[in-house]
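Structural features, examined
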Amino acid sequence: MKSLYHVLVAEDDPFIRKVLRQTLKDDFEVVTTENGIEAVTWLEEGNPVDIILSDIQMPHMDGTDLIRTLRASPLFHRLPIIILSTFSDSDTRIKFLKLGADDYIVKPFNPIEVKTKIRSLLRRIEANDIDISQQ
């Protein structure tokens, strides 16, 4: 794996942003935004991002619209997305996985589990990219 991956967090709760920043900062470059509009703006400015963590309920642009926007974009449609949400019901988890989320973590969460899931997803993506390039 490359040395520092770039993680973009779209989350309106300042406490959760702080917990994620503190937990991930030693292993990842972390940028936090308060909603989907800020996240999309960050991406469109050309900033490097390897994975996105997104809440569902955010002002201005929620997680649903963020995923739809990214999956419809020719530039960002392959970016891995992990949803962090208080909604624990199966229907919501299935809905977001069908929309294109790569994983779904229910709040409250263990920050170390989030870090582990990020690493696991990035490791799989990196292995697939190597396999594809060797064909």
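Residues numbered from 1 in each chain as written. Predicted model: local features only at pLDDT ≥ 70, side-chain atom pairs only at ≥ 80, totals over all residues. Heavy atoms only, no water.

By the naming in an unreviewed UniProt entry, the chain is Response regulator, taken from Spirosoma liriopis.

1. Details of the pairing of strand 4 (residues 81–85)
Of all five residues that make up strand 4, five are buried, and the element is covered over most of its length. With burial as the criterion, each face of strand 4 is covered, one bearing Ile-81, Ile-83 and Ser-85 and the other bearing Ile-82 and Leu-84. Pairing between strand 3 (residues 51–55) and strand 4: four bridges, direction parallel. Counted as the bridge partner of Ile-52 is Ile-81 from strand 4. In this fold, the crossover linking strand 3 to strand 4 by way of helix 3 (residues 63–72) has right-handed handedness. Bridge count between strand 4 and strand 5 (residues 103–106): four bridges; the pairing is parallel. (Buried < 20%, exposed > 50% of the residue type's maximum accessible area, 1.4 Å probe, protein only. Helix = DSSP H or I, 4+ residues; strand = E, 2+ residues; numbered from the N terminus. Pairing = 2+ DSSP bridges. Right-handed = clockwise from strand over helix to strand, strands pointing away.)

2. Description of the environment of Thr-23
Tracing the backbone shows Thr-23 in helix 1 (residues 14–24). Owing to a relative accessible area of 15%, Thr-23 belongs among the buried residues under this scheme. Each C-alpha atom, one on Thr-23 and one on Ile-67, is 24 Å from the other, the two residues being 44 residues apart in sequence. Every residue in contact with Thr-23, bar those within four places of it in the chain, is listed here: Pro-111, Ile-112 and Lys-115. (Contact = heavy atoms within 4.5 Å.)

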